[in-house]
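Topology and contacts: notes
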Amino acid sequence: MSISKDILQKHGMIAMLKYRFLKLFVSIFYRYNLHLPPKYRFVVVSSHGVGHNALVYFFTNQKIYCSNRYLKSGYKRYCEDFNMIGSLPCHSIISLSEHNFEDYAKYTQLINAQVPALVLVRDPISTLKSYLNVAQENKNLIYSGGKGDK
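In what follows, the accompanying structure is described.

Before going further, it helps to spend a moment on the sheet that holds strand β3 (residues 92–96). In spatial order, the strands read β2-β3-β1-β4; together these 4 strands make up an open sheet with parallel pairing. Each edge of the sheet is formed by a strand with only one pairing partner; in this case those strands are β2 (65–66) and β4 (117–119).

In structure tokens, the structure reads:
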């Protein structure tokens, strides 16, 4: 199903028309460094293994748009976020859970600095415990060739 059709079914004709209109002009907005529309409430900053997926699932169940797709360029992220935030009649949240994509600096500069950030973290002891467990498993795989023999 197309995004336009999905928006039409879930949010109505006005939201779908806004989406289509913004989709036409978003590349111009990005080129001239226009900030994302100020309709989002905050930015979620997280890494993997800190409950990010559970939080996004919660937001989705509460009918809150949360940008959660991994796109390899800042331009594509900006386009998707701008279109959805600008057209949907619901609360929105920007999710930033990785930094290894093209135009990261420009994308983050186009997020309005006046919104709060929710930073998901994990306690350092459980992080260290996970790291040591994974390191021990990798050590066994490397030295035993993955067969369990020495």
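The next subject is unusual backbone geometry. Its identity as a non-glycine residue notwithstanding, Asn 33 has a phi of 55 degrees, on the positive side. Summarising the element assignment, Asn 33 is placed in the loop between α2 (13–31) and β1 (40–45).

The next subject is helix α3 (residues 52–61). Buried within α3 we find His 52, Leu 55, Val 56 and Phe 59. Here the buried residues of α3 occupy an arc of 100 degrees about the axis, which is enough to place them on one side. Structural note: α3 exposes Asn 53, Ala 54 and Tyr 57 on the side pointing more than 90 degrees away from its buried face. Downstream of α3 by one or two residues, Lys 63 has phi in the positive range, about 65 degrees.

Here we come to the nonpolar core. One recurring pattern in soluble globular proteins: nonpolar side chains tend to sit buried together. If you look at the biggest cluster of nonpolar residues, it comprises 26 residues, and the most contacted ones within it are Tyr 40, Tyr 78 and Ile 94. Breaking this core down by element, the ones donating at least two residues are α2, β1, α4 (74–87) and β3. The dominant element in this core, judged by the number of residues it contributes, is α2, at 7 residues. Ignoring anything within four residues of it in the chain, the contact list for Ile 94 reads Leu 36, Tyr 40, Phe 42, Val 43, Val 44, Ser 67, Asp 81, Ile 85, Tyr 107 and Ile 111. One finds Val 44, Leu 55, Phe 59 and Ile 93 within the second-largest nonpolar core, a separate group that totals 8 residues.

What follows is about the packing of α2 against α4. Between α2 and α4, the shortest axis-to-axis distance is 8 Å and the interhelical angle comes to 145 degrees. In terms of crossing hand, the pair formed by α2 and α4 is right-handed. For the pair α2 and α4, contact is made by Ala 15, Lys 18, Tyr 19, Leu 22, Lys 23, Val 26, Ser 27, Phe 29 and Tyr 30 and by Gly 74, Tyr 75, Tyr 78, Cys 79, Phe 82, Asn 83, Met 84, Gly 86 and Ser 87, respectively. Residues of the contact of α2 with α4, tallied by class, amount to 11 nonpolar, 5 polar and 2 charged.

Before going further, it helps to examine the pairing of β3. β3 sits mainly inside the fold: 5 of its 5 residues count as buried. Burial along β3 is two-sided: Ser 92, Ile 94 and Leu 96 and Ile 93 and Ser 95, pointing in opposite directions, are all buried. Looking at chain direction, β1 and β3 are connected through 5 bridges and run parallel. From the neighbouring strand, Val 45 faces β3, where its bridge partner is Leu 96. Taken together, the 2 bridges between β2 and β3 define a ladder with parallel strand orientation. If you follow Tyr 65 over to β3, its bridge partner there is Ser 92.

In this section: α4. The end-to-end C-alpha distance of α4 is 20 Å, a good match for the 20 Å that 14 residues give at a rise of 1.5 Å each. Along α4, 12 of the 14 residues are buried, which leaves the element largely enclosed by surrounding structure. For α4, the complete set of buried residues consists of Gly 74, Arg 77, Tyr 78, Cys 79, Glu 80, Asp 81, Phe 82, Asn 83, Met 84, Ile 85, Gly 86 and Ser 87.

Orientation of helix α1 (residues 3–11) relative to α2, taken along the N-to-C sense of each, is 150 degrees, at an axis distance of 7 Å. The angle between α1 and α2 falls in the class roughly antiparallel. The element α1 and its partner α2 pack so that their crossing is right-handed. The residues of α2 that touch α1, namely those facing Ile 3, Ser 4, Ile 7, Leu 8 and His 11, are Met 13, Ala 15, Met 16, Tyr 19 and Arg 20.

Conventions and cut-offs
Residues numbered from 1 in each chain as written. Predicted model: local features only at pLDDT ≥ 70, side-chain atom pairs only at ≥ 80, totals over all residues. Heavy atoms only, no water. Pairing = 2+ DSSP bridges. Helix = DSSP H or I, 4+ residues; strand = E, 2+ residues; numbered from the N terminus. Buried < 20%, exposed > 50% of the residue type's maximum accessible area, 1.4 Å probe, protein only. Arc of directions from axis to C-beta. Core = buried A, V, L, I, M, F, W, Y, C linked by side-chain atoms within 4.5 Å. Contact = heavy atoms within 4.5 Å. Axes fitted to C-alpha atoms, helices over the stretch in contact; angles between N-to-C directions. Left-handed = near helix turned anticlockwise from the far one by under 90°. Nonpolar A, V, L, I, M, F, W, Y, C, P; charged D, E, K, R; others polar. Expected span 1.5 Å × (residues − 1). Parallel < 35°, antiparallel > 145°, perpendicular 65-115°, else oblique.

Structural measurements only, silent on function.
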